[in-house]
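Breakdown of the fold
The chain contents come next:
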Amino acid sequence: MAGALEGIKVLDLSRVLAGPWTGQLLADLGAEVIKVERPGCGDDTRQWAPPSLPDGTAAYFLCANRGKKSLTVDIAKPEGQEIVRRLAADADVLIENYKVGGLAKYGLDYASLAELNPRLVYCSVTGFGQDGPYAQMAGYDYIVQGMSGLMSITGPADGEPHKVGVAVTDLFTGLYAANAIQAALWARQGSGRGQHIDMALFDCALAMLANVNMNWLVGGAVPPRLGNAHPNIVPYQVFKCAGDGHFILACGNDRQFRSVCELIGRPELADDPRFASNPQRVAHRDVLVPLLAAGFLAQPRDAWLAQLDQAGVPCGPINTVDEAFADPQIRHRRMQIELPGLDGEAVPLVACPIKLSDTPLQYRDAPPRLGQHTDALLEQAGYDAEAIARLRDAGVI
């Protein structure tokens, strides 16, 4: 069965995470994605190990490059630029994350390639966008997490600001970019023209603050760092229980709060005017939370989870990564997959979470070895064996 984006050809000139994450999602949805890499070394993340496969390919690279074909090209050389132009003339999408203006000197910027292929959707991913006072600055997820306000609300209330455990601004930018690309492809059906997409990590990081952003815009107070607590809902946080266990309580309404009070043997708390509604509980969280915390020390984690679940109160464990992969729901949803590598070895991967009923995702290939598809792709682009040999001897591929 054909994928939803079957027939769409993508040139992925990006490296590291945000751009490759975009390309991988398009590949999962059925597009042909050609990853253009530097000869000899390829994407930086190929060496970001340990851990790695027996062939030395780092796990980091594997997380964002499933389903792609690897083409090695030195775009600093005129012959390499010609290869990319020839491929771009027949492509639907190009993804790049060079510094602003970095590809113009090679004739591979949007303006140049749009003359060659007016239908090309060209997506640029940078730290701060194509314009503005920071446009020429390099963008790194960690720094953007700090600049956007995300770190200011992450971490213990009485401790230092923390980054999120994965590069979320890279990942969100990749998801926004994939959505933007598909919107541009849809618009092209009517206009017949591609367009330039300008994606910035800083923009995406600010946008993803969601309700925290709106708390500032509407309420005017700078959002504090609350650790595991929620700025707008109480009780909605981690609680310690008997032994060394912890669990998450996500109490979203007054009925659920009353059930919690009854379970910990403090039913009178639900009728206390200070706690009778969520706005009251938010205003008096410093009084309420210690009372609840004392009650939850009476039993171990699994006992509370069973009772809260029976009472219809949202709750959950705090799993380690291995426990998450072992969860029966994750197993049922087939979120861990394996694909054969070049030598037939099984490459473990995490599935795409998108489930489509009529055009289900089909995982075709494991992340490619560096340059694995170079000769085949060049042959398709019209280069004969002698020309390919010359390019290889010249260090172009």
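The structure this text deals with has already been given above.
What comes next concerns the included structure. Please read these numbers as outputs of a predicted model, since none were measured by experiment.

About the thresholds
- Residues numbered from 1 in each chain as written.
- Predicted model: local features only at pLDDT ≥ 70, side-chain atom pairs only at ≥ 80, totals over all residues.
- Heavy atoms only, no water.
- Helix = DSSP H or I, 4+ residues; strand = E, 2+ residues; numbered from the N terminus.
- Buried < 20%, exposed > 50% of the residue type's maximum accessible area, 1.4 Å probe, protein only.
- Contact = heavy atoms within 4.5 Å.
- Areas by Shrake-Rupley, 256 points an atom, 1.4 Å probe, with all protein chains shown as cover.
- Pairing = 2+ DSSP bridges.
- Axes fitted to C-alpha atoms, helices over the stretch in contact; angles between N-to-C directions.
- 1 Å grid on protein atoms, 1.4 Å probe; cavity = no way out; pocket = protein on both sides within 12 Å on 5 of 7 lines; lining within 4 Å.
- Points joined across faces, edges and corners; volume = space filled by probe spheres on them.
- Nonpolar A, V, L, I, M, F, W, Y, C, P; charged D, E, K, R; others polar.
- Phe/Tyr/Trp six-rings, centres within 6.5 Å; stacked < 30°, edge-to-face > 60°.
- Salt bridge = Lys/Arg side-chain N within 4 Å of Asp/Glu carboxyl O.
- Parallel < 35°, antiparallel > 145°, perpendicular 65-115°, else oblique.
- Left-handed = near helix turned anticlockwise from the far one by under 90°.
- Arc of directions from axis to C-beta.

So, about the overall build of the protein chain. On a plain count of helices and strands, the protein chain comes out with 16 helices and 11 strands. Viewed in the frame of its principal axes, the protein chain has a C-alpha envelope of about 85 × 50 × 40 Å. Of all 397 residues assigned to the protein chain, the portion counted as buried reaches 43%. Considering only residue pairs separated by 6 or more positions, the protein chain has 66% of its internal contacts joining residues 24 or more positions apart. Total accessible area computed for the protein chain in this model is approximately 19600 Å², and 56% of it derives from carbon and sulfur atoms.

As a further point, take the sheet that holds strand β9 (residues 315-317). Spatially, 3 strands are ordered β7-β8-β9 in an open sheet, and the strand pairing comes out antiparallel. The open sheet has two free edges, formed respectively by β7 (236-240) and β9, since each of these has just one partner strand. Adjacent strand axes in the sheet meet at a mean angle of 25°, parallel and antiparallel pairs treated alike.

Another aspect to go through is the layout of surface pockets. By volume, the largest pocket is sized at about 910 Å³. For the lining of the largest pocket, the elements supplying multiple residues, two or more each, are α1 (18-28), β2 (32-37), β5 (121-126) and α5 (141-147). The biggest single contributor to the lining of the largest pocket is β2, with 3 residues. The residue inventory of the lining of the largest pocket, partitioned by class, reads 21 nonpolar, 9 polar and 10 charged.

Bringing the packing of aromatic side chains into the picture now. Applying the stated criterion across every chain, the model contains 8 aromatic pairs. Considering the side-chain rings of Tyr-110 and Tyr-122, the 5.7 Å spacing of their centres and the 65° angle between planes classify their relative orientation as edge-to-face. Here the residue Tyr-110 occupies a position in helix α4 (residues 110-116), and Tyr-122 occupies one in strand β5, the gap between them amounting to 12 residues. Judged by its relative accessible area of 2%, Tyr-122 is buried. Note on Phe-296 and Trp-304: the rings are 5.0 Å apart at their centroids and 85° apart in plane angle, and the pair reads as edge-to-face. Each member of the pair Phe-296 and Trp-304 is classed as buried.

What follows is about the pattern of salt bridges. Taken as a whole and judged by the stated rule, the model has 19 salt bridges. Taken together, the shared-partner salt bridges in this structure form one network comprising Asp-55, Asp-343, Glu-345 and Arg-369.

Viewed as axis vectors pointing N to C, α1 and helix α6 (residues 168-191) meet at an angle of 45°, and their least axial separation amounts to 8 Å. Between α1 and α6, the angle falls in the class oblique. For α1 against α6, the interelement crossing comes out right-handed. Of α6, the residues touching α1 (which contributes Ala-18, Trp-21, Thr-22, Leu-25 and Leu-26) are Asp-170, Leu-171, Thr-173, Gly-174, Leu-175, Ala-177, Ala-178, Ile-181 and Gln-182.

To continue, consider the environment of Pro-161. Following the sequence through the fold, Pro-161 ends up in the loop between α5 and α6. With a relative accessible area of 40%, Pro-161 lands in the partly exposed category. Once the C-alpha coordinates of Pro-161 and Leu-150 are considered, the two residues, 11 residues apart in sequence, prove to be 8.9 Å apart.

Okay, helix α12 (residues 301-310) next. In an α-helix there are 3.6 residues to a turn, and that puts residues three or four apart on one side. All of the buried residues in α12 are Trp-304, Leu-305 and Leu-308. Viewed along the axis of α12, the buried residues span an arc of 100°, placing them on a single side of the element. Along α12, exposed side chains directed more than 90 degrees from the buried face belong to Asp-302 and Gln-310. Structurally, α12 contributes buried residues whose contacts are with β8 (246-250), α9 (254-263), α11 (285-296) and β9. Following α12 by one or two positions, Gly-312 adopts a phi angle in the positive range, close to 80°.

Read these as spatial facts, not as claims about activity.
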